[in-house]
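# Descriptive structure summary
Residues per chain, in single letters:
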Amino acid sequence: MTDPDPEPVTSRAGHRLGAPETLGISTLDPAHRPPAMPAGRHVTIRVHMLDDTEELFDVSVKASGKVLFDLVCRHMNLIEGDYFGLEYQSHQKMMVWLDPIKPIIKQLRRPKHTVLRFAVKYFPPDHAQLLEDLTRYLFALQIKQDLSSGHLTCNDTSAALMVSHIMQSEIGDFEEGQCRSHLLNNKYIPDQMPLIDKIMEFHSMNVGQTPAESDFQLLEVARRLEMYGIRLHPAKDREGSRLSLAVAHTGVLVLQGHTKINSFNWSKIRKLSFKRKRFLIKLRADGNSTYQDTLEFLMANRDCCKAFWKICVEYHAFFRLFEEPKPKPKPVLFTRGSSFRFSGRTQKQVIDFVRESEFKKLPFERKHSRVQHNSRLSPLPSPHYQKVPKESGALGDRVDAPSQHQWKESALVSSQETPEAPASPAQQNSGNEDRSPSGKEETRGSTRPTHLEQLATGALTNSPYLSTSSGHSHGLLNGQTALEVGSHSPDVRQPSPLTSPLLNDACSIRTDDEDEVRRKRFPTDKAYFIAKELLTTERTYVKDLEVVTVSFQNVVGQEEDTPDSLKKAIFSTLEPLHRFHTGFLRELEQRLALWEGRSNAHIKGDYQRIGDVILNNLQGLKPLTVNLHKQGDTLTELEKACRASRRLEGLCRDFELQKVCYVPLNVFILRPLHRLVHYKHILERLCKHYPATHVDFRDCRAALADVSEVVEQLQGSIVKMENFQKLLELKKDLIGVDNLVVPGREFIRFGCLSKLSGKGLQQRMFFLFNDIILYSSRGMTATNQFKVHGQLPLHGMTIRESEDEWGVPHAFTLVSQRQSVVVAASSLSEMEKWMEDIEMAVEMAKFNNGPSSDLMSCKLTDSKCPEELSAEGESEEDTMTSHTSPERAASHRGNTMVHVCWHRNTSVAMVDFSIAVENQLSGNLLRKFKNSNGWQKLWVVFTNFSLFFYKSHQDDYPLASLPLLGYSVTIPSESENIHKDYVFKLHFKSHIYYFRSESEYTFERWMEVIRSATAPSCHSRVQNNKDHHAH
């Protein structure tokens, strides 16, 4: 979409607050300093903030609007300031936005007597795209203002629900007398009195929500309202009927009163323009459309028309463009039309910048909040919270100020008070800046997520964003660990899977002297560390079994919609395994304690072995082998039950969004099969290490023979179930396909490729199966799913390299019977992997009848270009979202491996998943940031191509996660001054983490398993996989 009045302006890229004007240098570089204040007379300008305070800012009369806006954002330490703006009342009594390019003196006639309002300017479709708690807090204040003023209209139930979340943020947990008194003294909505009882009822359901969670819930409700983010601009149609125009992220809206009667998606608009007081919308030619080519609306005057046109231009550029449009060359003699151009970062640039940059944590204050502490932290949210996706939020700093009755929270991190003893002086002087007054707490040095990794943090746990709060609450997690926690973040699946973990100095910090003493005290034999790997991974395995047998059973076990066959298949199968492995774990812990000499009964030599414990327990596991053979039936039964009951499907979907379910639910169900493979590998390492004369060798060899026999029997079932589980997972990630999970279909590879079209290379997600290729794109929608745009049957397909033909690096052409598609990979190795797998799949398709190749829900006409399909898909999803329930629209997991591949522009094959399953690992590591001083002890679990970080092995869910696709693992160089043994480095773009293990064996194991996730699988392994498929 273009406007009709081209005129050059000085380029001002939207950038992080304080970045310089565009001078041929990237304005997204955080190291740049803010522009100098222009010389000349200064004037004091008043800005009314969203918390109803007024701030004074001293600027030069020659300064541009951008200079003032940057001052306001820096005053609040606001990173995502691009969503906001400053508005004021013009001399024509009309509210307009301050132009960032023009000098302030040319916009404000009387600067001293004008009050500017800091307000939200761009409302994204999903608040999960807001990566900072401070940003979400400001959005919540805007919603509160819009509710109070009547601009945000909704039904009584939605209004009462939103007010209840505002009250939870301001006064804390429900107390009837306090709640009623507060409502009588404060007016949140115009007609509040009749709704007091309903508001109190909703407020009583919010017990335990922190202010950050309340903001999240408030925005979750608000974003589904038809009037969310809508500013009405009065107009008339050609017949003189009174209407209102508005602009949103999807396009231009037409409303009658507060009811939307029409909308024009950006993809359908060819041009927006105005002539005097006529606002013109020129549409793209469409034979099926009932609209005429140009729509005309009359507004009050030219200034009203121009103001609306300008905000349309800005909305289109902010939400639809990848980067700021470049200014056009200035005419030599004549200019025509308006000189206005969008100036600033686009939303994509904002998200990318926040993901890839690191910022120092800075606290912010909730002016109206009187909350001092939170209620008990529970491993699973209450059913009320299940309306919104929940993800693990990282825990961080806390600043208590109970005397002020104010909620202090960090813009990047939340707080935790450790359950251990008070911090030692060594811990208190480990380089952290903010200190809690209690002396018991340790603060975390923060890193900015790489996401939307969380993915943002996302969180970056699985999540795209990080919770920020303080205060404290006490709770028992599964009756084991008492934690005192300041917040527990509302989790969002979106964002992004790319968020770096928020791991900081709050975790146990061990001094070098303590570490050396520990090394000398504990055994150094390699067999001990192999046995310890068995112990640490068994701890994780038992916790994973508890996810199904305890947490999942609590959710669906008592549901009437859960069929008895499913209860029997899951719980009667897994509960005996859980009981058995709990006993096995207890024996392992006892044996390792004796081996380490931590028991008075320790007699050197007699207990420095592990084979006898493994052999005895494997003998006890044989009667349960029948349970292992039923794992495939369990997976099938669960899928069948979910298809039969939408309520059960919703419960399972909501459960997968909880913190405790850190990987897809189906993965937990297959854990017992994978655990046998782990036992086999550990026993192989023990047998290889021991000489034949060793006292432990005979038991280890006998145990290896037993477990190898069982694994061989189950191998075929394991391969089938892994493929079935992957198809079920992809089914949740894709929309627009039918019958993806059918007998005979095998998944081979998915990943990111660029598809060549008339508009250039477009990023697409490709999915390769043994009978078909699907390609899709991901829009910024609430569901975070991928919409399939096309399919290419493999039967009769040919493939050829096309780099020379199209002049595109790493390009190749897929020629099917109906169409040809030119795609380009991100690297030569990616291209080779794709071409090799596709050629293998094409050969398989020649000899296999296979399933039906037609997967599309609706046929896509060849006449539509992918870009138009993508735009239409986004529009359809947005429309669907506005008419569906909150559970349905916001309940998709947004941090799956498909999303990681999309953001990191890579691919993963089924053989890679199989290798990752075999290479799971758990244990304690010491972690250090690039610029931090101390090493922090963390419990780390590697699975599903990601590292999951816990404070200890007793925790029920991770603090954060780090997807490893795209990372490189190396050994630190001398110049990095890491003068420690057994240290490896993880590096991705600007993100660097150092991890330190306790021995040479554990160091080699961590390097091995991480390389399996970050490096492509070897050719021989891929070939073996092909041979398996061929048979």
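### Describing the overall build of the chain
Along its length, the chain carries 26 helices and 33 strands. Burial status across the chain gives 60% buried among its 1031 residues. Accessible area of the chain: about 42000 Å², with a carbon and sulfur share of 50%.

### A few points about the sheet that holds strand S2 (residues 54–60)
Across the sheet, which stays open at both edges, the five strands sit in the order S2-S1-S5-S3-S4 with mixed pairing between neighbours. Single-partner strands in this sheet number two, and they are S2 and strand S4 (95–97). Recorded for the sheet is a direction-independent mean angle of 40° between the axes of neighbouring strands. As paired elements, strand S3 (residues 84–89) and strand S5 (residues 115–120) share four bridges and run antiparallel to each other. Opposite leucine 86, over in S5, you have phenylalanine 118 as the bridge partner.

### Some words on the nonpolar core
Core analysis: the biggest nonpolar cluster contains 107 residues, and Leu68, Phe84, Phe118, Leu138, Phe279 and Ile281 have the highest contact counts within it. Of all the elements, helix H7 (residues 302–320) adds the most residues to this core, at 12 residues. Setting aside anything within four residues of it in sequence, one finds isoleucine 281 in contact with Val252, Phe264, Ile269, Lys271, Leu272, Asp293, Thr294, Leu295 and Phe297. Core analysis: the second largest hydrophobic core is formed by 77 residues, Phe580, Tyr662, Val677 and Trp939 among them.

### Comments concerning a negative patch on the surface
A surface patch of like charges, here negative, comprises Glu801, Glu803, Asp804 and Glu832. Among the secondary structure elements, glutamate 803 is positioned in helix H19 (residues 803–806). You can call glutamate 803 partly exposed: its relative accessible area is 36%.

### Comments concerning the sheet that holds strand S33 (residues 991–996)
Ordered by their spatial adjacency, seven strands build an open sheet running S30-S29-S28-S27-S33-S32-S31, and the pairing between neighbours is antiparallel. The strands lining the two open edges of the sheet, one partner per strand, are strand S30 (960–963) and strand S31 (968–970). On average, each strand axis in the sheet is inclined to that of its neighbour by 35°, with strand direction left out of account.

### Description of the pairing of strand S1 (residues 42–48)
Burial along S1 is one-sided: the face carrying Val43, Ile45 and Val47 is buried and the face carrying His42, Thr44, Arg46 and His48 is not. Here S1 pairs with S2 via seven bridges, running antiparallel. Paired with histidine 48 across the two strands is glutamate 54, which belongs to S2. Connecting S1 to the antiparallel partner S2 that follows it, the hairpin turn spans five residues, and aspartate 52 within it adopts a positive phi of roughly 70°. Where S1 and S5 come together, three bridges link them in parallel fashion. Paired with histidine 48 across the bridge in S5 is arginine 117.

### Describing the packing of helix H15 (residues 631–644) against helix H18 (residues 697–733)
At a minimum axis separation of 10 Å, H15 and H18 run at an interaxial angle of 25°. Classified by the angle between their axes, H15 and H18 sit roughly parallel to one another. The crossing of H15 and H18 is left-handed. Of the residues in H18, those touching H15 at Gly632, Leu635, Thr636, Glu639 and Arg643 are Met721, Phe724, Gln725, Leu728 and Lys731. Residue composition of the contact of H15 with H18, grouped by class: four nonpolar, three polar and three charged.

### Focus: the packing of aromatic side chains
Remark: the centre distance and the inter-plane angle together describe each pair of aromatic rings, the angle taken between the planes. Scanning the entire structure with this criterion turns up 37 aromatic pairs. An aromatic cluster is built from Phe69, Tyr83, Phe84, Phe118, Tyr122, Phe123, Phe139, Tyr228, Tyr315, Phe318 and Phe319, whose rings are joined through pairwise contacts. Here the guanidinium or amino end of arginine 904 rests over the ring plane of phenylalanine 988, the centre of that ring lying 4.7 Å away. For the cation-ring pair, arginine 927 lies above phenylalanine 929, with the distance from its terminal atom to the ring centre recorded as 3.6 Å.

### Describing the confidence of the model for the chain
Looking at the chain, pLDDT values average 75 and 71% of them are 70 or higher. For the stretch residues 857–891, pLDDT sits under 50, and the model shows 63 contacts to residues farther than four places along the chain or on other chains. Counted against residues more than four places away or in other chains, residues 1018–1031, with its pLDDT under 50, gives 14 contacts.

### Some points on the pattern of salt bridges
Tallied over the full model, the rule gives 39 salt bridges. Linking arginine 136 and aspartate 133 is a salt bridge whose minimum nitrogen-to-oxygen distance equals 2.3 Å. Taken together, the residues span about one helical turn, with arginine 136 and aspartate 133 both in helix H2 (residues 133–149) at a distance of three residues. Assessed through its relative accessible area of 3%, aspartate 133 is described here as buried.

### Focus: helix H4 (residues 176–185)
Residues lying three or four places apart along an α-helix face the same way, a consequence of the helix completing one turn every 3.6 residues. Taken together, the buried positions of H4 are occupied by Cys179, His182 and Leu183. For H4, the arc enclosing every buried residue in end-on projection is 95°, short of the 170-degree limit, so these residues lie on one face. Exposed residues pointing more than 90 degrees away from the buried face of H4 are listed as Gly177, Leu184 and Asn185. Looking at the buried residues of H4, the elements they touch are helix H3 (156–171) and helix H5 (196–204).

### So, the pairing of strand S32 (residues 983–988)
In terms of burial, S32 is a largely internal element, five of the six residues being buried. Where S31 and S32 come together, three bridges link them in antiparallel fashion. If you follow serine 968 over to S32, its bridge partner there is histidine 987. The pairing of S32 with S33 spans six bridges and is classified as antiparallel. Residue pairing in the sheet places histidine 987 in a bridge with isoleucine 992 of S33.

### Side note on the packing of H15 against helix H16 (residues 646–656)
Between H15 and H16, the shortest axis-to-axis distance is 5 Å and the interhelical angle comes to 120°. Between H15 and H16, the interaxial angle falls into the category oblique. Touching Leu638, Ala641, Cys642 and Ala644 of H15 are Arg646, Leu648, Glu649 and Cys652, all from H16. Partitioning the contact of H15 with H16 into residue classes produces six nonpolar, no polar and two charged.

### Looking at the side chain of glutamine 785
If you trace the backbone, glutamine 785 turns up in the loop between strand S21 (772–778) and strand S22 (786–793). A distance of 2.9 Å separates a polar side-chain atom of glutamine 785 from the backbone oxygen of lysine 732.

### Side note on the state of the cysteines
Scanning all chains against the criterion turns up zero disulfides. With no disulfide of its own, cysteine 305 lies 8.4 Å from the sulfur of cysteine 304, the closest cysteine sulfur. With no disulfide partner, cysteine 642 has as its closest neighbouring cysteine sulfur the one in cysteine 652, 3.7 Å distant.

### A closer look at the environment of lysine 731
Along the chain, lysine 731 falls in helix H18. Distance from lysine 731 to glutamine 785, taken between C-alpha atoms, is 9.9 Å for residues 54 residues apart in sequence. Side-chain polar atoms of lysine 731 contact the side chain of glutamate 639, separated by 3.1 Å.

### Comments concerning unusual backbone geometry
Located in the positive-phi region is aspartate 52, a residue other than glycine, with phi close to 70°. Here aspartate 52 shows up in the loop between S1 and S2. Using a relative accessible area of 48% as the deciding quantity, one classes aspartate 52 as partly exposed. Backbone geometry at tyrosine 982 places phi at a positive 60°, although glycine is not the residue there. Within the fold, tyrosine 982 resides in the loop between S31 and S32.

Cut-offs applied
Residues numbered from 1 in each chain as written. Predicted model: local features only at pLDDT ≥ 70, side-chain atom pairs only at ≥ 80, totals over all residues. Heavy atoms only, no water. Helix = DSSP H or I, 4+ residues; strand = E, 2+ residues; numbered from the N terminus. Buried < 20%, exposed > 50% of the residue type's maximum accessible area, 1.4 Å probe, protein only. Areas by Shrake-Rupley, 256 points an atom, 1.4 Å probe, with all protein chains shown as cover. Pairing = 2+ DSSP bridges. Axes fitted to C-alpha atoms, helices over the stretch in contact; angles between N-to-C directions. Core = buried A, V, L, I, M, F, W, Y, C linked by side-chain atoms within 4.5 Å. Contact = heavy atoms within 4.5 Å. Patch = residues over 30% accessible without salt bridge, like charges linked within 9 Å, V, L, I, M, F, W, Y side chains within 5 Å. Salt bridge = Lys/Arg side-chain N within 4 Å of Asp/Glu carboxyl O. Lys, Arg positive; Asp, Glu negative; His and termini not counted. Charge placed at Lys NZ, Arg CZ, Asp CG, Glu CD. Parallel < 35°, antiparallel > 145°, perpendicular 65-115°, else oblique. Left-handed = near helix turned anticlockwise from the far one by under 90°. Nonpolar A, V, L, I, M, F, W, Y, C, P; charged D, E, K, R; others polar. Phe/Tyr/Trp six-rings, centres within 6.5 Å; stacked < 30°, edge-to-face > 60°. Lys NZ or Arg CZ within 6 Å of the ring centre and 35° of its normal. pLDDT = per-residue confidence, 0-100. Arc of directions from axis to C-beta. Polar contact = N/O pair within 3.5 Å; in protein donor to acceptor, adjacent residues only side chain to side chain. Disulfide = S-S within 2.5 Å.

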